[in-house]
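Chain residues, written in single-letter form:
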Amino acid sequence: MKERLTWSLFSFFIICIIAAPAAEQDSCAALTKQQYPNVTITAAIFLNDPQGFLPPKTPGMFGTPAGLKVSAPFCRVIGYIEPVRDSHIEFEVWLPPASGWNGKYLAVGNPAFEGAIKYQGLAASLEQGYATASTDTGHQDPGHKWAMGHPERLVDWTHRAVHETTVVAKRLIQAFYGKPPSYSYWDSCHNGGRQGLAAAQRYPEDFDGIVAGDPAYHLTRLQPASEYLSWVALKDGVDAPGYIPPAKYAVLHRAVLDRCDARDGVTDGAIEDPTRCDFDPASIQCHGPENASCLTAAQVDTARRLYAGARFADGTQIYSGFEPGSELLWGAMIAGPEPLFINNDFFKYMVFEDSEWDYRTFDVELDTRYTESRLGHIINSTDPDLRKFKENGGKLLIYQSWNETWVPPRTITTYYNNVVKAMGGESRTKDFARLFMIPDFGMCPSMYPGTFDALGAVQRWREQGIAPDQITVSYSSEGKAYKTRPVCAYPNVAIYKGSGDINDAANFTCGNPDW
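Residues numbered from 1 in each chain as written. Predicted model: local features only at pLDDT ≥ 70, side-chain atom pairs only at ≥ 80, totals over all residues. Heavy atoms only, no water.

1. What about the overall build of the protein?
Keep this limit in mind: Working definition: helices are DSSP H or I runs of at least four residues, strands are E runs of at least two. Numbering for both runs from the N terminus. Radius of gyration here is computed from C-alpha atoms only, and the compact-globule reference equals 2.2 Å multiplied by the residue count raised to the power 0.38. Burial classes follow relative accessibility: with a 1.4 Å probe on protein chains only, a residue under 20% of its type's maximum area counts as buried, one over 50% as exposed, and anything between as partly exposed. Contacts between residues were defined by any pair of non-hydrogen atoms, one from each residue, lying within 4.5 Å. Only the protein chains shown count as cover for residues, with accessible areas throughout obtained via the Shrake-Rupley method and a probe of 1.4 Å.
The helix and strand inventory of the protein stands at 13 helices and 15 strands. Relative to the 2.2 N^0.38 estimate, which gives 24 Å for 515 residues, the radius of gyration of the protein is 25 Å and therefore close to what a compact globule would have. Dimensions of the protein along its principal axes, counting C-alpha atoms only, are 100 × 60 × 50 Å. Here the protein holds 515 residues, and the buried ones make up 55% of them. Within the protein, counting contacts between residues at least 6 apart in sequence, those at least 24 apart form 68% of the total. Per element, the accessible surface of the protein, about 22000 Å² overall, is 52% carbon and sulfur.

2. Side note on the pairing of strand β4 (residues 104–107)
Test applied: Here, a strand pair is defined by DSSP locating no fewer than two bridges between the strands. Crossovers are described as right-handed under a simple rule: with the strands pointing away from the observer, the path leading from the first strand over the helix to the second runs clockwise.
Burial along β4 is two-sided: the residues Lys104 and Leu106 and Tyr105 and Ala107 are all buried. Pairing analysis gives four bridges linking β4 to strand β6 (residues 183–189), with the strands arranged parallel. Directly across from Tyr105, in β6, lies its bridge partner Ser184. Examined bridge by bridge, β4 and strand β5 (residues 131–135) share three bridges and lie parallel to one another. Each bridged residue has a counterpart across the sheet, and for Ala107 the counterpart in β5 is Ala133. With helix α2 (residues 119–127) bridging β4 and its parallel neighbour β5, the resulting β-α-β unit is right-handed.

3. Overview of the sheet that holds strand β3 (residues 89–95)
In plain terms, the rule: Each axis is a line fitted through C-alpha atoms, taken for helices only over the stretch in contact, and angles between the N-to-C directions span 0 to 180 degrees.
Pairing is mixed in the open sheet, where nine strands are placed in the order β1-β2-β3-β5-β4-β6-β7-β10-β11. Where the open sheet ends on each side, the last strands, each with one partner, are β1 (39–47) and β11 (433–438). The mean inter-strand angle of the sheet, taken between neighbouring strand axes irrespective of direction, is 15°. One ladder, built from six bridges, connects strand β10 (residues 395–401) with β11; its direction is parallel. Bridging across to β11, Gln400 finds its partner in Met437. Contacting β1, β2 (74–81), β3, β4, β5 and β6, helix α3 (residues 151–177) runs over the sheet at an angle of about 35° to β3.

4. Quick look at the nonpolar core
Threshold: Buried residues of nine kinds, namely Ala, Val, Leu, Ile, Met, Phe, Trp, Tyr and Cys, make up a nonpolar core once their side-chain atoms join them within 4.5 Å.
Val77, Leu95, Leu154, Leu172, Ile210 and Leu396 are the most contacted members of the largest nonpolar core, which has 110 residues in total. With 11 residues, the top contributor of residues to this core is α3. Excluding its chain neighbours within four sequence positions, the residues that come into contact with Leu95 are Leu31, Phe74, Cys75, Val77, Leu126, Ala131, Leu172, Ile173, Phe176 and Tyr177.

5. Description of the confidence of the model for the protein
Rule in force here: Each residue carries a pLDDT score, the predictor's own confidence in it, on a scale running from 0 to 100.
Looking at the protein as a whole, its pLDDT mean stands at 94, while 96% of the residues score no less than 70. Considering only residues more than four positions removed or in separate chains, one finds that residues 1–20, a stretch of pLDDT under 50, has one contact.

6. Digging into the state of the cysteines
Cut-off, in case you're wondering: Two cysteine sulfur atoms make up a disulfide if the distance between them is within 2.5 Å.
Counted by the stated rule, this structure contains five disulfides. Between the sulfur atoms of Cys28 and its disulfide mate Cys75 the distance is 2.1 Å. Taking the torsion about the S-S bond as the criterion, the Cys28 to Cys75 disulfide, at about 80°, is right-handed. Pair noted here: Cys28 is in helix α1 (residues 2–29) and Cys75 is in strand β2, with a separation of 47 residues, a long-range link. Linked covalently through their sulfurs, Cys189 and Cys444 form a disulfide whose S-S length is 2.0 Å. Measuring the twist about the S-S bond at about -85°, one finds the Cys189-Cys444 disulfide to be left-handed. Of the two residues, Cys189 is situated in strand β6 and Cys444 in the loop between β11 and α13 (454–464); the sequence distance between them amounts to 255 residues. Since its relative accessible area comes to 6%, Cys189 is described here as buried. Residue Cys444 is classed as buried on the basis of its relative accessible area, which comes to 10%. Shown here for the protein is a disulfide pattern of 1-2, 3-8, 4-5, 6-7, 9-10, where each number marks a bonded cysteine counted in sequence order.

7. Some points on the environment of Glu404
Put simply, the test is: Between N or O atoms, a polar contact is any pair within 3.5 Å; within protein, one atom must be a potential hydrogen donor and the other a potential acceptor, and residues adjacent in sequence are included only when both atoms are from side chains.
Tracing the backbone through its elements, the reader meets Glu404 in the loop between β10 and α12 (411–423). Spatially, the C-alpha atoms of Glu404 and Phe441 are 7.0 Å apart, while their sequence positions differ by 37 residues. Residues within four places of Glu404 in sequence aside, it is in contact with His190, Asp214, Pro409, Phe441, Gly442 and Met443. Reaching out from Glu404, the side chain makes a polar contact with the side chain of His190 at a distance of 2.6 Å.

8. Brief notes about the packing of helix α9 (residues 341–351) against helix α10 (residues 364–379)
For any two helices packed against each other, the geometry comes down to the angle between their axes and how far apart the axes lie. Note the cut-off: Should an angle fall under 35 degrees it is taken as roughly parallel, and over 145 as roughly antiparallel, whereas 65 to 115 is taken as roughly perpendicular and any remaining angle as oblique. Handedness of each helix crossing follows the sense of rotation of the near helix against the far helix: counterclockwise by less than a right angle gives left-handed, clockwise gives right-handed.
With their axes 12 Å apart at the nearest point, α9 and α10 run at an angle of 70° to one another. In terms of orientation, α9 and α10 fall into the roughly perpendicular class. At the point where α9 passes α10, the crossing takes the left-handed sense. Facing α9, whose interface residues are Phe346, Phe347, Met350 and Val351, α10 presents Asp367, Tyr370, Thr371, Arg374, Leu375 and Ile379.

9. Here's the deal with α10
As a reminder, the rule being used: Multiplying 1.5 Å by the helix residue count minus one yields the expected span of that helix. Note that the bend at a residue is defined as the angle between axes fitted to the seven residues ending at it and the seven residues starting at it.
With 16 residues, α10 extends just 19 Å between its outermost C-alpha atoms, more than 12% less than the 22 Å of an ideal straight helix rising 1.5 Å per residue. Where α10 bends most, at Ser373, the angle is about 45°. Along its buried surface, α10 packs onto α3, α4 (191–202), α5 (219–234), β8 (310–311), β9 (317–319) and α9. Its side-chain oxygen 3.1 Å from the backbone nitrogen of Glu365, Asp363 forms the N-cap of α10.

10. Brief notes about the environment of Ile45
Its location among the elements puts Ile45 in strand β1. For Ile45 and Met423, which are 378 residues apart along the polypeptide, the C-alpha to C-alpha distance reads 46 Å. Among all residues touching Ile45, those that are not within four sequence positions of it are Cys28, Phe74, Cys75 and Arg76.

11. Quick word on unusual backbone geometry
Here Gly336 and Pro337 are connected by a cis peptide whose omega angle stands at 5°. Residue position: Pro337 is located in the loop between α8 (331–334) and α9. For the peptide bond that leads from Tyr490 to Pro491, omega is 10°, which places it in the cis range. Mapped onto the secondary structure, Pro491 falls in the loop between β13 (480–488) and β14 (493–496). Phi angles above zero are rare outside glycine, and Asp86 is one such case at about 65°. By the element assignment, Asp86 lies in the loop between β2 and β3. Even without glycine at this site, Cys444 takes up a positive phi of about 50°.

Structure, rendered in structure tokens:
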């Protein structure tokens with residue numbers, strides 16, 4: 001009798017193992033029958049290949065990484081949305097088996113202006129147990145040409161594609177699991193950070209928590225200001241007197257550190273708060289013939305303009321410039337011989353719709369005002385009134401890397417201060433929105449596992465009510481961490497306690513110092 005019972009239990013166990021995948025396959029395939037307005041689901045396949053799934057390759061700087069393989073089983077749903085004429089938004093929704101689902105939805109952001117499903121983001125989210133989705137933002141061009149003559153596609157890229165995909169993803173989650181996600185989150189950087197802010201401003205019910213990293217939120221100011229930095233450095237060519245060769249970036253950086261590094265009480269090769277650094281590049285101007293350790297008068301003028309950033313003729317700041325301490329990362333923007341294509345092509349194909357446009361004709365005053373008048377109402381995500389997002393229980397965590405050069409960092413503090421004003425004060429803002437300024441980091445630290453857990457922080461805030469006063473950032477070199485530091489909620493900064501290892505976050509506190 002005992003042997004029969006044992007065998008029966010074993011048989012039942014085996015049947016369950018076989019039946020479970022079959023049930024998942026049937027539930028997945030049934031999703032093709034779901035009907036939603038303006039939505040076409042072209043395929044729904046449950047993938048459980050022991051050899052792993054190789055996602056399609058996508059073009060562009062941020063295309064599918066070589067060798068990407070997905071080993072976990074999941075339901076892959078493919079479809080497209082056509083909400084208006086000349087709009088065609090492709091999407092994929094990946095759903096882990098019910099037994100491996102954490103009950104949450106995590107959307108995937110898109111870098112720059114390119115259009116493509118971001119398979120690396122889908123794979124990373126799936127591995128963590130999330131139901132997840134990605135959109136091509138309404139086009140499949142790795143550049144900017146897609147926008148010429150297609151205003152609706154510009155709307156798709158700006159905000160509509162992410163919203164429409166999120167709506168469909170939640171409906172598919174409900175259909176597949178029989179219940180909605182307990183929480184929905186966004187965590188992305190650069191353009192993905194801008195997408196997050198756009199969601200909070202335009203679609204406050206889409207996400208319970210948003211991480212908006214290094215957000216390119218004020219595009220009609222950011223793009224002209226970025227083009228200006230390249231124009232200043234490159235308009236006369238790389239042989240011009242004012243051109244700063246990459247070999248001199250380290251010279252500038254060393255001079256900045258000599259001037260400002262120790263002001264925070266710690267000499268660690270980093271600037272904790274660049275706004276407190278009063279470095280003047282004239283301090284290393286050559287007093288004789290030019291050499292590798294100094295700047296010529298013309299190079300000093302270039303450096304000053306790069307730090308100052310773009311301004312209108314009346315002195316009003318268009319967007320901030322490079323920050324003291326960021327010098328080693330200037331190359332992508334100003335090494336040349338041409339400006340960064342992301343900025344250059346923005347003007348060619350989105351502003352002037354002229355593929356022959358020459359950046360040397362750039363006029364920061366006129367071209368910024370024209371860009372704002374033509375595109376501002378479509379592509380900017382600057383609305384500081386986040387009351388509806390707050391009323392919906394949403395939590396917003398913005399972070400910005402101080403050494404960032406593609407999205408110069410200081411201007412984000414202006415947006416946050418505008419939010420504080422619109423919400424009626426700091427106390428009415430910090431209960432749902434906080435800003436973290438990360439020192440000595442180039443870009444997007446939350447995108448690197450174990451570096452800056454902004455997503456974990458916003459989830460604890462939304463789900464447990466634990467507001468983040470600080471988040472630890474880890475600095476690594478060649479795969480090995482060498483320093484940790486608390487990143488404090490703005491406007492506070494990390495202050496050394498006066499004793500202990502300066503590379504250990506435990507020896508710092510948050511506050512507003514008098515350096």
